[in-house]
Amino acid sequence: MSQEILRVLQPEGWAPAKGYANGIAARGEMIFVAGMIGWNGQCQFETDDFVAQCKQALQNIVATLACADAGPEHMARMTWYVKDKKEYVARGRELGKVYQEVMGKNYPAMTLVQVADLVEDRALVEIEVTAVKP
């Protein structure tokens, strides 16, 4: 019996996904992380830079996962809500470096949606995660 917790789902013949997985099969304890934005633990924004806010939101996710003795390697799904998809695309290389710095090479199933606004006026991104650990 396999001890695999997360298994990437890659349909035969499809080009490989870059920076995400097309699907993840998982088994274990489910962890749901609320939408995290780019402010610190005291609910204060330290920057209005998009990539810096993404980095902080990712760090907030890692801190929350740690409360369940989990980490980025347990992420099965990630949903990004951004105010400006053009900035997301334009700064993709920079964002990729920040992502790997915080999350490593853990690429769950991901969705990115541009939204009209977020609850916190200064927030430029909100990211929610579903993780599964043994």
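In case you missed it, the structure is sitting above this.
Residues numbered from 1 in each chain as written. Predicted model: local features only at pLDDT ≥ 70, side-chain atom pairs only at ≥ 80, totals over all residues. Heavy atoms only, no water.

## Examining the pattern of salt bridges
Part 1: Following the criterion strictly, the structure yields seven salt bridges and no others.
Part 2: For the salt bridge of aspartate 49 with arginine 91, the shortest nitrogen-to-oxygen distance reads 3.0 Å. Placement of aspartate 49 in the loop between β3 (29-37) and α1 (50-66) and of arginine 91 in the loop between α2 (85-90) and α3 (92-103) is noted, with a sequence separation of 42 residues between them.
Part 3: Assessed through its relative accessible area of 18%, arginine 91 is described here as buried.
Part 4: Arginine 91 serves as the salt-bridge partner of glutamate 87, at 3.1 Å between the closest nitrogen and oxygen.
Part 5: For glutamate 87, a relative accessible area of 25% corresponds to the partly exposed category. (Salt bridge = Lys/Arg side-chain N within 4 Å of Asp/Glu carboxyl O. Helix = DSSP H or I, 4+ residues; strand = E, 2+ residues; numbered from the N terminus. Buried < 20%, exposed > 50% of the residue type's maximum accessible area, 1.4 Å probe, protein only.)

## Some points on the packing of α1 against α3
Packed helices, taken two at a time, are described by their axes: the angle between them and the distance between them.
Part 1: Two elements in contact, α1 and α3, have axes whose closest approach is 10 Å; the angle formed by their N-to-C orientations is 20°. It follows from the interaxial angle that α1 and α3 lie roughly parallel. Pair α1 / α3 crosses with right-handed handedness. Residues Phe50, Val51, Cys54, Lys55, Leu58, Gln59, Ile61 and Val62 of α1 pack against Glu94, Leu95, Val98, Tyr99, Glu101, Val102 and Met103 of α3.
Part 2: The residue makeup of the contact of α1 with α3, split by class, is eleven nonpolar, one polar and three charged. (Axes fitted to C-alpha atoms, helices over the stretch in contact; angles between N-to-C directions. Parallel < 35°, antiparallel > 145°, perpendicular 65-115°, else oblique. Left-handed = near helix turned anticlockwise from the far one by under 90°. Contact = heavy atoms within 4.5 Å. Nonpolar A, V, L, I, M, F, W, Y, C, P; charged D, E, K, R; others polar.)

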